[in-house]
Amino acid sequence: ENLDIYFEVSDSSQNGINGGAVDSTEDGADTETDIREEYEQQSLRESETMKEQIEREIETYGIKNQVEVDFNAEYVTLTLNGAILFDSGRAEVRTDALPLIDKIGKILENYDSNIIEIEGHTDNVPIYSGKYEDNNVLSMYRALTVADYIKDITSLNPANIKPSGRGE
């Protein structure tokens, strides 16, 4: 949510300041690498903290067995089994899955300033209906359906919700 990394980069070859040491490379490549590594480590720590917060909320809502949470330095992922949400070849959310999405929506409201990407996936069964051209199109409709529902039930900024289809 608040990925703010503060650091000062000075030209240590001119002023000799780098934590009391002079940069041994003329181009400052070591300093740039150190800064990049520190940025990645900080990002990883923030993602891990967010993951832990979300896992506590998931446990509070009693949906621990229905949601998998993972993270990397760039984002935190919540994965719901598509079979819980959709019937095969369909983009309409199953009625019995709406309470699960309601709970996910409440959790996501805590991260209103973040970009929330909702990915739709499908199974590997080829589509033979005229409604969806193929599984890629179906996956996009699934993402749109969930994104629209989340927008309707939460106070999240719609500009921060990004649906995307991923096919199988």
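Further up the page is the structure itself.
Residues numbered from 1 in each chain as written. Predicted model: local features only at pLDDT ≥ 70, side-chain atom pairs only at ≥ 80, totals over all residues. Heavy atoms only, no water.

Colleague: Would you mind showing me how to read the overall build of the chain here?
Modeller: Along its length, the chain carries 5 helices and 4 strands. Counting every position in the chain, which comprises 168 residues, the buried fraction comes to 29%. Summed over all atoms, the accessible surface of the chain reaches about 11000 Å², with 46% contributed by carbon and sulfur. (Helix = DSSP H or I, 4+ residues; strand = E, 2+ residues; numbered from the N terminus. Buried < 20%, exposed > 50% of the residue type's maximum accessible area, 1.4 Å probe, protein only. Areas by Shrake-Rupley, 256 points an atom, 1.4 Å probe, with all protein chains shown as cover.)

Colleague: Is there a simple way to explain a negative patch on the surface in this structure?
Modeller: Among the surface-exposed residues, Asp 30, Asp 34, Glu 37, Glu 40 and Glu 74 lie close enough to one another that they form a single negatively charged patch. Mapped onto the elements, Asp 30 comes out in helix H2 (residues 29-60). (Patch = residues over 30% accessible without salt bridge, like charges linked within 9 Å, V, L, I, M, F, W, Y side chains within 5 Å. Salt bridge = Lys/Arg side-chain N within 4 Å of Asp/Glu carboxyl O. Lys, Arg positive; Asp, Glu negative; His and termini not counted. Charge placed at Lys NZ, Arg CZ, Asp CG, Glu CD.)

Colleague: For this particular structure, what's the right way to read the packing of helix H4 (residues 98-108) against helix H5 (residues 135-153)?
Modeller: When two helices pack together, you describe them by how their axes are tilted relative to each other and by the distance separating the axes. Relative to each other, H4 and H5 sit at 65°, their axes nearing to 10 Å. In terms of crossing hand, the pair formed by H4 and H5 is right-handed. Between H4, through Leu 98, Ile 101, Asp 102, Gly 105 and Leu 108, and H5, the contact on the second element is made entirely by Val 146, Tyr 149, Ile 150 and Ile 153. A per-class count over the contact of H4 with H5 returns 7 nonpolar, 1 polar and 1 charged. (Axes fitted to C-alpha atoms, helices over the stretch in contact; angles between N-to-C directions. Left-handed = near helix turned anticlockwise from the far one by under 90°. Contact = heavy atoms within 4.5 Å. Nonpolar A, V, L, I, M, F, W, Y, C, P; charged D, E, K, R; others polar.)

Colleague: Help me understand the pairing of strand S3 (residues 116-120) in this model?
Modeller: In regular strands, side chains alternate between the two faces of the sheet. Residues Ile 116, Ile 118 and Gly 120 line the buried face of S3, whereas the alternating positions Glu 117 and Glu 119 sit on a face that is not buried. Judged from the 5 bridges that link them, S3 and strand S4 (residues 161-165) form a sheet pairing that is parallel. Note on S4: the bridge partner recorded for Ile 118 is Pro 163. (Pairing = 2+ DSSP bridges.)

Colleague: What exactly am I supposed to notice about H4 here?
Modeller: Along an α-helix, residues three or four apart share an orientation, since each turn contains 3.6 residues. Taken together, the buried positions of H4 are Leu 100, Ile 101, Ile 104, Gly 105, Ile 107 and Leu 108. Taken down its axis, H4 places every buried residue within 160° of arc, on the same side. (Arc of directions from axis to C-beta.)

Colleague: What should I look at first to understand the pairing of strand S2 (residues 76-80) in this one?
Modeller: Across 5 bridges, the pairing between strand S1 (residues 67-71) and S2 is antiparallel. Bridge pairing in S2 places Glu 68 opposite Thr 79.

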